[in-house]
Amino acid sequence: MDYEDIDYTVEGPTAIITMNRPHRYNAFRAKTVEEMINAFRRAWADNGVQTVILTGAGEKAFCTGGDVKQRAETGDYGPSESGMFEIGNLHKTIRDIPKPVIAAVNGLAIGGGHVLHVLCDLTIAADTARFGQSGPKVGSFDAGFGSAFLARVVGEKRAREIWYLCRQYDAETAERWGLVNWVVPAADLLDEAKKIAAEIAEKSPTTLRFLKQSFNADTDHQAGLSNLAMSALDLFTHHTEEGAEGARAFAEKRMPEFNKFAAI
């Protein structure tokens, strides 16, 4: 596959996948997701690769989730070779690849981008990084791994706070809550991520495979929730006025009028 939305490189035992849409704060469209799945599978199949680093291009954003502007313009996340928006498969691939995945968060990790870093095995953050959710502000949600697994990471109360309030949190707070493992100066982020990846690569790959699968086993049932959530999200965003209102308001740079959709 020739990549348009991402970069893929291999340095020694480490594959580096870079989301490369800085003009959209590295928000992903269907093509981006498809390319990322392909890149993770390349790293999976490469016996020389022992670890994977996931990061974003530029200094402003790691990833800000699904491209809401694209959704407002076309009603979907754009075309892909498969004809599908496979974000659920990307989540599953990050969890299933039998090699540790390190998120190197260089800026905003918001919405679906926040979910991606949470699903990675480890997270190292620049001191300029910011974390949070945005779904309820733009008429979107992740009621699967993005909420259920997040609660395992930071606890129920913090997970509900993150989703209900849609605030942004600095790297120091994220580290204190257990959302990230390390915070480093922004200029040192990728070098430090590579050092961690190299340290992991010194370990037995078979034991790492078993360990990752063991960690995942405790939460694998959440994959069913994720499938259900993705189906619900598709119905909500494409077939309801409330879902469409969030994307329209974002594109028009105004506050959404969600009050008229108050649940009974």
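Here the structure is a predicted model, which is why all the values come from computation and not from measurement. Here, residues in each chain are numbered from 1, in the same order as that chain's written sequence. Whole-chain, interface and lining totals are the exception, using all residues; otherwise, since this is a predicted model, local features are given only for residues with pLDDT of at least 70 and side-chain atom pairs are given and counted only at 80 or more. Side-chain measures here rest on the full set of heavy atoms in the structure, leaving out hydrogens and waters.

Caption draft 1: Molecular detail of the UniProt feature "binding site: substrate" (unreviewed entry) in the protein chain. Feature annotation in UniProt assigns "binding site: substrate" (unreviewed entry) to the following positions: Tyr77, Leu108, Ala109, Ile110, Gly111, Gly112, Ser140 and Lys253. Structurally, Ala109 is set in strand β6 (residues 108-110). What makes two residues a contact is simply this: any of their non-hydrogen atoms within 4.5 Å. Apart from the residues lying within four places of it in its own chain, the contact partners of Ala109 are Phe62, Cys63, His114, His117, Arg130, Phe131 and Gly132. The helix count covers DSSP runs of H or I at least four residues long, the strand count covers runs of E at least two residues long, and both are numbered beginning at the N terminus. Residue position: Gly111 is located in the loop between β6 and α4 (112-119). Excluding residues that lie within four positions of it along the chain, Gly111 makes contacts with Gly65, Gly132, Gln133 and Ser134. UniProt positions are given in the numbering used here, feature names are shortened, and annotations may be inferred rather than shown by experiment.

Caption draft 2: Quick look at the environment of Gly12. Tracing the sequence through the fold places Gly12 in the loop between β1 (6-11) and β2 (14-19). Partly exposed describes any residue whose relative accessible area lies between the buried limit of under 20% and the exposed limit of over 50%, with all areas from a 1.4 Å probe on protein chains only and scaled to the type maximum. Its relative accessible area of 56% is what places Gly12 among the exposed residues.

Caption draft 3: Just the UniProt feature "site: Important for catalysis" (unreviewed entry) in the protein chain, in detail. The residues that UniProt annotates with the feature "site: Important for catalysis" (unreviewed entry) are Tyr77. Take Tyr77: it is sitting in the loop between α2 (68-74) and α3 (87-96). In contact with Tyr77, other than residues within four places in its own chain, are Phe28, Arg29, Ala30, Gly66, Asp67, Gln70, Arg71 and Phe85.

Caption draft 4: Structural view of the pattern of salt bridges. When a carboxyl oxygen of Asp or Glu is within 4 Å of a side-chain nitrogen of Lys or Arg, the pair counts as a salt bridge. With the rule as written, the count across this model stands at 21 salt bridges. The residue Arg21 makes a salt bridge to Asp5 at a minimum N-O spacing of 3.8 Å. Residue Arg21 is found in the loop between β2 and α1 (30-45), and its partner Asp5 is found in the segment before β1; the two are separated by 16 residues along the sequence. Of the two residues examined, Arg21 and Asp5, each falls in the buried class. Residue Arg152 pairs with Asp218 through a salt bridge whose shortest N-O separation is 2.6 Å. Of the two residues, Arg152 sits in helix α6 (residues 145-154) while Asp218 sits in the loop between α10 (205-217) and α11 (222-239), which places them 66 residues apart along the sequence. By sharing partners, the salt bridges in this structure join Glu4, Asp5, Arg21, Arg24, Arg29, Lys31, Glu35, Asp67 and Glu73 into a single network.

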